[in-house]
Each structure stands twice: as structure tokens, then as C-alpha cells.
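Spelled out from the first residue to the last, the chains are:
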Amino acid sequence: MRSKLLLPSKFKWIGLCLFIPFLIVGILNRYNGFQFDFLTIVREHNSILNPVQNLTDELALTGSIISLLMIAFAKEKHEDEFIYHSRLESWEWAVLINFLLLLVACWIFYNEAFMDVMMYNLLTPLIIFIIRFNWVLIRNKRSEEKN
Amino acid sequence: MQNTIKVERAIKNMTQADLAEKIGVSRQTINAIETNKYVPSTILALKMAKLFGKKVEEIFTLEKGD
């Protein structure tokens, strides 16, 4: 990816520092019903939306997606054509693996469990990309040390 | 595609880092090209050939199946 779409390299660490707390809040919200009280909003009764709603889950999901985007779109310290190539190749892998997992999941999970799968599926393309891309860089660094 | 960059580097007594700096890429990229994990762009191939004072086809050669 040419640098137009990329963020400065420090965003990799900022993203990582933000992702962990948002993920924890998201998991606690989903499985323990944890909510921040100050995020509860009360609407007028004639609204078509729920009269009372808590926005903790919206906050956790938005925060997780934005922080993962920061990690995925942060520049490497030395951005060049090999990095660009590895980036594109990793996106290709991420899309493919994501849909393969989704295909398997749609035959294994039903109802509420499938809703969970769909929710995680909002994050998996970014997570798979980040893992694949960094793995390529680490693998290459190791072989560099050997040579 | 095969290449003789490692040999050319040795002739010029250059490390991967020296070569990387001279043509404006990272050391990782030079390593990936030398180990045949990455085929460089024409621009990069021309830059390397110029630096080594050789023709591109003297450094890069096609393999069977390319």
C-alpha cells in the first residue's frame, strides 16, 4: 500500500495499547453483562428505538475496530516495495482465511452462537492480516540474521 | 528468477545493509531478494545493476517455469 493510506508508525503501538482494554470491556460486556452506567441513554417513549439503551457494547466494538485499523494501517519504519508487496499478500490471505473460517462456522454454529461468530467476524479480517503481515516480517528478519 | 546479488556484493565488498542504504530500501528487502523470496521491481533491478556496473540480465536470470 503506497503511503497515502497509511498512518505514522507509532500508531502500531497506540493501536495495541487501545485494543487490549477495548477487547476486555467487550468480552466482559458480552459474557458478564458488564456496563458503564454513564453510557446508559434514555429516549422518549415514542422513539422507534429502545427507550433505554446502554452503549458499552457499541463503545467496545467501535474502539476495537478503530484500534485494529490503527495497527493494520501503521507504516513500517522503512516502508519500501517489499513491505508493500507483503502487505498486499497478507490482505489476500486475511480475506481468504476469514471466509474459509466463516464457511466452516456457518455449518457448526447456530442461533446465538452464530451471532457470536458474526460478531468476532467483524474483527477477524484485521486480526488475521496483522498476524500474517507481522509473521512475514519476523520470518524475514530471522533469515536475515542467519545470512 | 535467480540472481547473483550475493556474489556481486562480495566482489564490491558490501554488506546487505550497505547495498540497502545505497538503493534506498530496507535490509529486509535485500535479504528477501537474495533468498529468492521476493522478485524486485524493474526500478530496483536497474538501480542494482547500475550500482554493480553490470547489465540487469547479468545479475538476474530466468529459471525454468518463469
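Rules and cut-offs
Residues numbered from 1 in each chain as written. Chains lettered and ligands numbered in written order. Predicted model: local features only at pLDDT ≥ 70, side-chain atom pairs only at ≥ 80, totals over all residues. Helix = DSSP H or I, 4+ residues; strand = E, 2+ residues; numbered from the N terminus. Buried ≥ 20, exposed ≤ 12 C-beta atoms within 10 Å, placed from the backbone. Contact = placed C-beta atoms within 7 Å. Nonpolar A, V, L, I, M, F, W, Y, C, P; charged D, E, K, R; others polar. Expected span 1.5 Å × (residues − 1). Domains from an automatic or database assignment. pLDDT = per-residue confidence, 0-100.

**Examining the overall build of chain B**
1) Next: For chain B, the count of helices and strands is 5 helices and 2 strands.
2) Next: Reading chain B from its N end, one meets helices and strands in the order β-α-α-α-α-α-β.
3) Next: A principal-axis box enclosing the C-alpha atoms of chain B has dimensions of 30 × 25 × 20 Å.
4) Next: When each of the 66 residues of chain B is scored for burial, the buried share is 23%.
5) Next: Looking at chain B alone, contacts between residues at least 24 apart form 50% of all its contacts between residues at least 6 apart.

**Overview of the interface of chain B and chain A**
1) Next: Contact with chain B, which involves 12 residues of that partner, is made by 10 residues of chain A.
2) Next: Among the elements that take part in the side of chain B that touches chain A, helix α3 (residues 27-34) of chain B stands out by supplying 6 residues, more than any other.
3) Next: Of the residues that constitute the side of chain B that touches chain A, the class distribution is 4 nonpolar, 6 polar and 2 charged.

**As for helix α3 (residues 81-108) of chain A**
1) Next: With 28 residues, α3(A) should reach 40 Å at 1.5 Å per residue; the first-to-last C-alpha distance of 41 Å fits that figure.
2) Next: Turning to α3(A), its buried residues number three or more, namely A:Phe82, A:Ile83, A:Ser86, A:Arg87, A:Ser90 and A:Ala94.
3) Next: Looking at the packing, one finds that the buried side of α3(A) touches α5 (124-146) of chain A together with α3 of chain B.

**Some thoughts on the environment of A:Pro8**
Residue and element names in this part refer to chain A.
1) Next: With respect to the helices and strands, Pro8 occurs in the segment before α1 (11-32).
2) Next: We classify Pro8 as exposed; it has 10 C-beta atoms within 10 Å.
3) Next: In this structure the C-alpha to C-alpha distance between Pro8 and Arg30, which are 22 residues apart in sequence, comes to 33 Å.

**What about the domain arrangement of chain A?**
All names here are of chain A.
1) Next: For chain A, the assigned domains read domain 1 (1-77) and domain 2 (80-147).
2) Next: Counting residues at the interface gives 9 residues for domain 1 and 9 residues for domain 2.
3) Next: Of the residues in the side of domain 1 that touches domain 2, the class split is 7 nonpolar, 1 polar and 1 charged.

**Details of the confidence of the model for chain B**
Interpreting fine coordinate detail is not advised for predicted regions of low pLDDT.
1) Next: Mean pLDDT over chain B works out to 93, with 100% of the residues at or above the 70 mark.
2) Next: Taken over the whole predicted complex, pTM reads 0.87, whereas the ipTM for its chain interfaces reads 0.86.

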